[in-house]
Amino acid sequence: MLETWKQSSWKIKTLVILAVLYVLYVLLGFLVAPGLVRDNARQALAELTGRDVQINEVKINPLALSATINGFAIKDEQTEVLAAFDHLYVNFQVSSLFRWTWYFDQIALDGLTLRARRNPGSVFNFDDILAHIEAQAEAEPDEEAPVAEQDAALPSIAVGELVLTNGDLRYTEAAGKTPHELILPIAFDVNNFSTVAKDKESNDYAVRLEGPDGGVFDWAGHFEFTPFIANGRLQVERVDLVSLAKLGQDQVRFTVPSGEMDLEAQYEFTQHPEAKLLIEEGRLTLRNVSLLKPGQESPSIRVPGVTVSGIGVDTLAQTVSIPEVEISKPEIHAVLEEAGLDLATLFLPPDEEKAEQVKEQVKEKAQQAAERIVEAETFWKVTLDKVGVNGSLLRFTDRTLSPAQTVELSDGDLTLTNLVVGEEAPFQWQGSAKLAGEGALSHSGEGKLAPLSISSKASLSDLPLATFSPWLEKDMPLSLTAGTLGVDMNAQVSGDAPDATVSASANIQGLNLLEGGRPLLKANNATLQGLSLSTATRQVQIEEIGLTGLDMLHQIDNQGRDAATRIDAGSTPSTADSSGAADSGKPWQVGIKRVRLVGSQVRHEDLTVSPNFRIGLYQLSGIVSNLNTRPGSRANLDLKAQIDRYAPFSIKGVLAPEPLYSDLAITLQNYEMTSLTPFTGLYLGYQVEKGQLGVETDVNIENNHLRSKSDIRANQFYLGEKVESDEAVKVPIKLGLSVLRSRSGEIHLPVKMSGELDDPSFSVTGMILKVLTNIVVKAATAPFSVLAGLAGGENLERIQFEPGSATAGAQTNDSLEALAKVLDEKPDLRIGLIGTTNAADRIALAEQALGSDLDGEDWPGIDMALEESSLRRKLKRRYESSTDKDVETLVSEPLPEDENEADRILAKAAWDAMAPPMAEAITTQQLVELARLRSENAKAALVQQLGVAQDRVYLNESKVDGDVAGLTLTLAK
């Protein structure tokens, strides 16, 4: 063998050596290299990852220049394996040596699985590998990295076919309470891959992912390197949103019980001269998407179909264009609970602390975005050509009410066109819907986002107001049982503030408002015309408010509370800002040019009195004009009505609230006073038998000073049965009314009032009652002072007679004539005559007796007697004989020298000395007789001479030692 080898030619030797090397190469490739590659690769990967690495088998075919790796896995305690595949096949071509390119005929990977898991605290199952690699890098000495050339080229690599089959990506979300796993099957095929090729037949790829429930992800296209270019088509079909949503179930407060998504788009990416991504013909479709709040039976949001078509994106130009968005029959169910509106919290994390952080972040970003939109400084221009919504349903349920209430905005259609963000461009919209099942709503408008300028129109008809009664009942003791609302409105919003201008008209048909279950307000028709509102000037102007068939009941309950007090007491405290900060802006000014009342009525009930008092203004019509909150503005009133359907009533004049001013004329005719029995019983102690009331009043208020002049007439006003009342005046009130009542049966009371309204003790109502009561009480307690006007100013309570005389003199006759005139004017009065005597009568009777003793019936009286000497002598003798005293002792002063004058003085002194003792001797019987004769003579004169009916004059028991020498009169009804 050795000799043969030595003798062989070099060609033979070369062939033999090559054959041996080839055999060694084959033997090493088939038998030795696989083990070395497997062990070294497993050890290197284990050192790199810090994990247990498994490689079951490595096969190398040195003849085909191919390698196969079976059973590769990087172990993981939580997911069994972190990364693994069943087979990897690589086929290298020897022709690479001649192409100056690393060329692989095929790289095929089968059964690839990649598994990731996120644990509580956002800790992933591969974090330890990253930490291990980082620690290795820090432990190695730093080496100066070679300076890369600016235009360093990619290595030349080519792959005829790059294939992945039977792969899957598995992600487990375990940060929340319940772990959820998402599995995405994956497969792809890239043909003629090359890092340097630029022909269209190279670097074509196709990637396919299949979801667990039939969803498919297809991604096919072409790419090139240096510069990098990629284009292709991405298509996603029937992606199950239920599984995707479970991955974020701990980040939001809703679940997705149903939903599918389709997505497709053409794309092109170029890196030179600038990075640019173009997306064209994009289309997004959502089907049967539902968002369900835990614990609810029905979804909070349900969208049967959403189609976004024609999506285009240009990242270099920073533009997004969307030709059309169609949303079919979306349903939104918002629920208000004590914690707030559920839709506002659905997209927040369940953790309250994180939720608050998200709220603040969203507020900040929204504010920034709004400012950029207003200033037209958005980074991207977004153009939305058309948005169409049809058959939408918005359902609002308020569970803060008991029972819970629901209102719906249904059959909603909306078309929005040419909405552009980032450019001054006008957009338009129009839409319609039904509110609360019956209210027909239509709206349209146009505007711009930058600068903000929006004009809109809206019309609402036949809205049933009773639907919203539960919310009214929650805040106050009011309820709406009937009524429909219609509104036509134009609005403009513009500026940075922004400022709003609104013009509108409205009408309400068949309104019925209850307070505590009792009628409060009804209206057949209420209209509002010419409303204009401006937030810039803070003004509201209304051309006319028309009220037809208004029926309002104002009731004071048995606790003395009126409707306003009850409503205020039953109202829920405002949930508005309780800081008490005042609005720094100027106050709103509200002006109403005209309020027109037609065929209306306002009723009043007072349940504090018994029987209950009721009064009403019926057939109320008229106009109130120029109502305005502007200080100094004065309103004009011209109203007419029928009180209790028969008594004409009118009020006309000027009224202003601030400063308070009034100049009003009020008239009332023929009001039946029987309705006033509750008050006459309470304050006078009697029911009203009959009577009609008329009032004419002028009321003037200026500078907080009230001046009122009233003419009150009560015709045939008579009191009836007595009513027990502790508050009734304790006077003969019927007598007082009789004193005031005229021959025609009318009581006429001119009443004047004046007072300062800023005086805390001043009350208009109190003053009126006080004045009227005082007049009646005075008539009852001092009737003759009231009747003095009819008697020419003479007080007829006492009629004077001459002392000692029962015969009516001239003065007495005058008084009796005046009394007869009063009785003629006051046919209801009866006069009681009380004959009276006083001390003057005693002296007069004594003087009459002394004169009779001196001169019999011819006694002329003391004055005449002093002129006759004979009578003077009788006087002096009578004194001296009766007293045994000298008459001169009665005079202490010197007598005059004239004998006649001296004699008269002595005679008069004797008279004065003898009369008093005789007066003391006058008997009571004598005085009673004098008093009786006076009353009899007076009655006779009244009846026989002055024509007074006999039954209207009666005699009372005589009185002696009274205050008057004559008559004292009493009155009776």
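Residues numbered from 1 in each chain as written. Predicted model: local features only at pLDDT ≥ 70, side-chain atom pairs only at ≥ 80, totals over all residues. Heavy atoms only, no water.

Structural notes on the overall build of the protein chain
Here comes step 1: Summing up its helical and strand segments, the protein chain has 18 helices and 41 strands in all.
Here comes step 2: Looking at the protein chain as a whole, 37% of its 973 residues qualify as buried.
Here comes step 3: Carbon together with sulfur atoms contributes 55% to the accessible area of the protein chain, which is approximately 54,000 Å² in total. (Helix = DSSP H or I, 4+ residues; strand = E, 2+ residues; numbered from the N terminus. Buried < 20%, exposed > 50% of the residue type's maximum accessible area, 1.4 Å probe, protein only. Areas by Shrake-Rupley, 256 points an atom, 1.4 Å probe, with all protein chains shown as cover.)

Observations concerning the confidence of the model for the protein chain
Here comes step 1: Here the protein chain averages 82 in pLDDT, while 85% of its residues score no lower than 70.
Here comes step 2: By mean pLDDT, helix H3 (residues 96-99) is the weakest element of the protein chain at 55, and strand S28 (residues 544-548) is the strongest at 95.
Here comes step 3: Here residues 147-151 scores under 50 on pLDDT; set against residues more than four positions off or in separate chains, the count is zero contacts.
Here comes step 4: For the stretch residues 575-582, pLDDT sits under 50, and the model shows zero contacts to residues farther than four places along the chain or on other chains. (pLDDT = per-residue confidence, 0-100. Contact = heavy atoms within 4.5 Å.)

Some remarks on the packing of helix H13 (residues 810-825) against helix H18 (residues 924-945)
Here comes step 1: Viewed as axis vectors pointing N to C, H13 and H18 meet at an angle of 55°, and their least axial separation amounts to 10 Å. Classified by the angle their axes make, H13 and H18 are oblique. Note on packing geometry: the crossing formed by H13 with H18 is right-handed. Between H13 and H18, the contacting residues are Leu816, Leu819 and Ala820 on the first element and Ala938, Ala941 and Leu942 on the second.
Here comes step 2: Across the contact of H13 with H18, the residue classes break down as six nonpolar, no polar and no charged. (Axes fitted to C-alpha atoms, helices over the stretch in contact; angles between N-to-C directions. Parallel < 35°, antiparallel > 145°, perpendicular 65-115°, else oblique. Left-handed = near helix turned anticlockwise from the far one by under 90°. Nonpolar A, V, L, I, M, F, W, Y, C, P; charged D, E, K, R; others polar.)

Remarks on the sheet that holds strand S39 (residues 830-836)
Here comes step 1: Pairing within the open sheet is mixed, and its four strands lie in the order S38-S41-S39-S40. Across the chains shown, the open sheet's two edge strands, defined by having one partner strand only, are strand S38 (798-800) and strand S40 (953-955). In this sheet, adjacent strand axes meet at a mean angle of 30° when their direction is disregarded.
Here comes step 2: Across seven bridges, the pairing between S39 and strand S41 (residues 966-972) is antiparallel. If you follow Arg830 over to S41, its bridge partner there is Ala972.
Here comes step 3: Across the face of the sheet, H18 comes into contact with S39, S40 and S41 while running at roughly 145° to S39. (Pairing = 2+ DSSP bridges.)

Looking at the packing of aromatic side chains
Here comes step 1: A full pass over the atoms with the stated rule returns six aromatic pairs.
Here comes step 2: With a centroid separation of 4.9 Å and 20° between ring planes, the pair formed by Phe72 and Phe85 is classed as stacked. Note that Phe72 is positioned in strand S2 (residues 66-76) and Phe85 in strand S3 (residues 80-92), a separation of 13 residues in sequence. Phe85 matches Phe72 in its accessibility class, with the two residues each being buried.
Here comes step 3: Relative to Phe126, the ring of Phe124 lies with its centre 5.3 Å away and its plane at 25°, an arrangement referred to as stacked.
Here comes step 4: Among the residues examined, Phe124 registers a relative accessible area of 27% and is labelled partly exposed.
Here comes step 5: Using a relative accessible area of 27% as the deciding quantity, one classes Phe126 as partly exposed.
Here comes step 6: Ring pairs connect the aromatic residues Phe396, Phe468 and Trp471, which therefore count as one cluster.
Here comes step 7: Over the aromatic face of Tyr661 sits the side chain of Arg634, whose NZ or CZ is 3.5 Å from the ring centroid. (Phe/Tyr/Trp six-rings, centres within 6.5 Å; stacked < 30°, edge-to-face > 60°. Lys NZ or Arg CZ within 6 Å of the ring centre and 35° of its normal.)

Concerning the nonpolar core
Here comes step 1: The biggest cluster of nonpolar side chains holds 79 residues, and the ones touching the most others in it are Leu668, Tyr671, Phe717, Leu819, Leu942, Leu969 and Leu971.
Here comes step 2: Among the elements that make up this core, the one with the highest residue count is H13 (six residues).
Here comes step 3: Among residues more than four places away in sequence, those in contact with Leu971 are Leu735, Val739, Pro783, Phe784, Leu787, Leu829, Arg830 and Ile831. (Core = buried A, V, L, I, M, F, W, Y, C linked by side-chain atoms within 4.5 Å.)

Structural notes on the pattern of salt bridges
Here comes step 1: Throughout the structure, instances matching the rule amount to 36 salt bridges.
Here comes step 2: With a shortest N-O distance of 3.2 Å, Glu337 and Lys293 are connected by a salt bridge. Of the two residues, Glu337 is situated in strand S17 (residues 331-337) and Lys293 in the loop between strand S13 (276-292) and strand S14 (301-314); the sequence distance between them amounts to 44 residues.
Here comes step 3: A relative accessible area of 25% places Glu337 in the partly exposed class.
Here comes step 4: The exposure class of Lys293 is buried, given its relative accessible area of 16%.
Here comes step 5: Between Asp828 and Arg741 there is a salt bridge whose closest N-O contact spans 3.0 Å. With Asp828 in the loop between H13 and S39 and Arg741 in the loop between helix H10 (733-740) and strand S37 (746-756), the pair connects residues that are 87 residues apart, well separated along the chain.
Here comes step 6: The class of Asp828 is partly exposed, set by a relative accessible area of 21%.
Here comes step 7: Several salt bridges share partner residues, and in doing so they unite Glu515, Arg518, Asp557, Arg561 and Arg566 into one network. (Salt bridge = Lys/Arg side-chain N within 4 Å of Asp/Glu carboxyl O.)

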